[in-house]
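Here is what each chain is made of, one letter per residue.
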Amino acid sequence: MLKIYNTDIETNKIEEIKEFKKGSWISLVNPSENEIKKVCENVKIQEDFIRDALDFEEKARIDNEEDDGTTLFVVDVPIIEKSEENDVYTTMPLGMIVVRDDFFITVSLRKNKVIEDFEKRKIKNFIESIILVIALTVLIYGTFYLIGVTIGILVPIP
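Computed from a predicted model, the values in this text were never measured in an experiment.

> Looking at this structure, I do not really get the sheet that holds strand β3 (residues 24-29). What am I missing?
Where strands meet in a sheet, backbone hydrogen bonds hold them as pairs that are either parallel or antiparallel. Across the sheet, which stays open at both edges, the seven strands sit in the order β2-β1-β3-β7-β6-β5-β4 with mixed pairing between neighbours. At either margin of the open sheet sits one strand with a lone partner, and together these are β2 (14-17) and β4 (61-65). Each strand axis lies, on average, 25° off the axis of its neighbour in the sheet, ignoring direction. The pairing of β3 with strand β7 (residues 103-108) spans six bridges and is classified as parallel. In the strand pairing of β7, Trp25 is matched with Phe104. Seen against the sheet, helix α1 (residues 33-43) touches β1 (2-7), β3, β6 (87-99) and β7 and runs at an angle of roughly 160° to β3.

> How should the packing of aromatic side chains be read in this particular structure?
Geometrically, a pair of aromatic rings is defined through the distance of the ring centres and the angle of the planes. Scanning all chains against the criterion turns up one aromatic pair. Arranged with centres 4.6 Å apart and planes meeting at 25°, the rings of Tyr5 and Trp25 form a pair that is stacked. You can see Tyr5 sitting in strand β1 and its partner Trp25 sitting in strand β3, a full 20 residues away along the chain. The residues Tyr5 and Trp25 share a single accessibility class, namely buried.

The rules behind the values
Residues numbered from 1 in each chain as written. Predicted model: local features only at pLDDT ≥ 70, side-chain atom pairs only at ≥ 80, totals over all residues. Heavy atoms only, no water. Pairing = 2+ DSSP bridges. Helix = DSSP H or I, 4+ residues; strand = E, 2+ residues; numbered from the N terminus. Axes fitted to C-alpha atoms, helices over the stretch in contact; angles between N-to-C directions. Contact = heavy atoms within 4.5 Å. Phe/Tyr/Trp six-rings, centres within 6.5 Å; stacked < 30°, edge-to-face > 60°. Buried < 20%, exposed > 50% of the residue type's maximum accessible area, 1.4 Å probe, protein only.

Quick look at the structure:
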């Protein structure tokens, strides 16, 4: 499912729009092939980052593509898988793609609480919240990296 949102500057409210407009948030939840191609053609990015975020086994990471000016942040978000016997708590990748200064794209395999709360406007200050998630991701990875280097598991890259 493809949805495009934009914040009205005068009312500071998020509204769903139909066209790709600079500064908008593009939400992809279990997108079709046509939706992936439509987004990539309109925002002028490669399909790799979107497809990577749709891999259930994808690990949390940060990646930068200098060719088209995009940065991918993959974080694991909690989900509940219900069964007849009990609920199983697990995680699923959520891709966040910053496309130059033009677009912000979220990509997930299925609906999840994080995206639903943003869409329902339960979380205010969308951009500030995303920056917080990205900062926490960098902080966590930096901490694990430093611990790994300190105890000799990782070798720093010059």
